[in-house]
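The lines below spell out each chain.
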Amino acid sequence: MRMNTSWGTIAISDAHVHFFSRRFFEELAKQKSALGKPVTADSIVETLGWELPSSNNADLAKRWVAELDRRQVSHAALIASVPGDEDSVGDAVQSFPDRIDGYFMLNPLAPDAVERCRRAVDILGLRGICLFPAMHQFSVRDKCLEPIYQIAAATPGTVVFVHMGVLSVGVRHKLQLPSKFDMSFSNPIELHTVALSHPQVRFVIPHFGAGYFREVLMLGDLVPNVYLDTSSSNSWIKYHTPPIGLSTIFRQALNVYGTERLLFGSDSSFFPRGWNAEIFHAQSAALKELNIGTEDARAVFGENLRRLLSGK
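Definitions and cut-offs
Sequence order as written defines residue numbering, which begins from 1 separately in each chain. In view of the model being predicted, local features appear only for residues whose pLDDT reaches at least 70, and side-chain atom pairs are presented and counted only at 80 or more, with totals across whole chains, interfaces and linings using the full set of residues. The basis for every side-chain value is the complete set of non-hydrogen atoms in the structure, without hydrogens or water. Runs of E in the DSSP output that reach at least two residues are strands. Runs of H or I that reach at least four are helices, and both are numbered from the N terminus. To get the radius of gyration, use the C-alpha atoms; to get the globule rule, take the number of residues to the power 0.38 and multiply by 2.2 Å. Contact between two residues is taken to exist if any of their heavy atoms lie within 4.5 Å; hydrogens are not considered. All accessibility values rest on the Shrake-Rupley procedure with a 1.4 Å probe; residue burial counts only the protein chains present in the view. Only four residue types enter the charge count, namely Lys and Arg as positive and Asp and Glu as negative; His and the chain termini do not. Charge coordinates come from a single atom per side chain, which is NZ of Lys, CZ of Arg, CG of Asp or CD of Glu. The pairing criterion is simple: DSSP has to find at least two bridges between the two strands. Every case where a carboxyl oxygen of Asp or Glu lies within 4 Å of a side-chain nitrogen of Lys or Arg is listed as a salt bridge. For every residue, the accessible area obtained with a 1.4 Å probe (protein chains only) is divided by the maximum for its type, and the residue is called buried under 20%, exposed over 50%, and partly exposed between those limits. Stacked, edge-to-face and tilted labels apply to pairs of Phe, Tyr and Trp rings (six-membered ring for Trp) whose centres lie within 6.5 Å, assigned for plane angles under 30 degrees, over 60, and everything in between, in that order. Cation placement over rings: the criterion is NZ of Lys or CZ of Arg within 6 Å of the ring centroid and within 35° of the ring normal. We define a polar contact as two N or O atoms separated by no more than 3.5 Å, with the added condition that, inside protein, one atom must be a possible hydrogen donor and the other a possible acceptor, whereas residues neighbouring each other in sequence contribute only through side-chain atom pairs.

Description of the overall build of the chain
The secondary structure content of the chain amounts to 13 helices and 10 strands. For 312 residues, the compact-globule formula gives about 20 Å, and the C-alpha radius of gyration of the chain, at 18 Å, lands near that figure. For the chain, contacts bridging at least 24 residues in sequence account for 77% of all contacts bridging at least 6. For the chain, the exposed area adds up to about 13,300 Å²; of that, 50% sits on carbon and sulfur atoms. Averaging the positions of the 31 positive and the 32 negative side-chain charges in the chain gives two centres separated by 2 Å.

Describing the sheet that holds strand β3 (residues 13–19)
Pairing in this open sheet of 8 strands is parallel, and the strands run β3-β4-β5-β6-β7-β8-β9-β10 from one edge to the other. The sheet is open, and its two borders are formed by β3 and β10 (262–263), each paired with just one other strand.

A closer look at the pattern of salt bridges
If you walk through the whole model with that rule in mind, you get 11 salt bridges. A salt bridge links Asp87 to Arg119; the nearest nitrogen and oxygen atoms lie 2.8 Å apart. One end of the pair, Asp87, is in helix α4 (residues 86–95); the other, Arg119, is in helix α5 (residues 113–122), with 32 residues separating them in the sequence. Of the charged contacts in the structure, one is a salt bridge between Asp112 and Arg116, with a shortest N-O distance of 3.0 Å. Classification of Arg116 as partly exposed rests on a relative accessible area of 30%. Connected via shared salt-bridge partners are Glu67, Arg70 and Arg71.

Some points on the packing of aromatic side chains
On inspection of all chains with the given rule, the structure shows 19 aromatic pairs. Ring geometry for Trp275 versus Phe280: centroids 6.0 Å apart, planes at 45°, classification tilted. Accessibility classification places Trp275 together with Phe280 in one group, the buried group. In this structure an aromatic cluster arises from ring pairing among Trp7, Phe264, Trp275, Phe280 and Phe301. Sitting over the ring of Phe271, Arg63 keeps its end group 4.1 Å from the ring centre.

Looking at the side chain of His198
Among the secondary structure elements, His198 is positioned in the loop between α9 (191–197) and β8 (202–205). For His198, a relative accessible area of 12% corresponds to the buried category. Of note is the side chain of His198, whose polar atom sits 2.9 Å from the backbone oxygen of Val194.

Description of the environment of Asp101
Structurally, Asp101 is set in strand β5 (residues 100–105). Relative accessible area serves as the criterion here: at 16%, Asp101 is assigned to the buried category. Separated by 120 residues in sequence, Asp101 and Asp221 have C-alpha atoms that sit 28 Å apart. With near-sequence residues (within four places) excluded, Asp101 lies in contact with His75, Ala76, Ala77, Leu78, Val93, Arg127 and Leu309.

This is the structure in structure tokens:
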């Protein structure tokens, strides 16, 4: 499947889509209930104005594939967005292996983290190990991560996704849930020695570093196995001094990372909104402003991700 764009027809692969399973909403309900009055997953989605998926993860996967079809998107990496929910996206991958690759959130401080990671990669066939240092309050240089990096290195086509920079979870704000994150763990420079020590591992940093743009440029200039995903509205730009726009962000990222290490992402997540086409259009406009060619557009919007997850 290909999308008609200003560069002609392009196969779009989205590197960043959240798979909000029923378990995800049940976990939010559990956390909300712990603060006072008990609530259910149904009441959570009613508050948000979203839809509650069925307990059958294959049904949600089918919904996503239908949405990708509607938007002419050929492929997406779906992220299980709470620790321990890797089976949900594993079901999605099993249902649509040609359209979906699976990522999963991992808290490396959990006592069963290594076993969960090995099962997710080796048994469920998931391709992205997602780390959130600020959320779970750990350094990517901590020795507990070494077995995780070794699993990724031993499995070609597996990436280590590391959220650095500002971490703000909109759904938690809407539900008035505390977000006790620690940004002292969020500097991309933390990854420098890690990436150098694990050259076989491909690291992906979303949102252009989410506020640490200068640092993520330095990191990418020093190590070749770090990639950027371009996802979300990139609202962190408001912190940049002097003010800059998305096209400037792309220009500087392309100067350092080239077209081979940028991965388009939308940060889509919930229904009824579905795939966030506005993000695609904004990023397309920014790249068109830079006059990038058709081959480079194909690389950024799809080919880079497919190549990365194929282990090439």
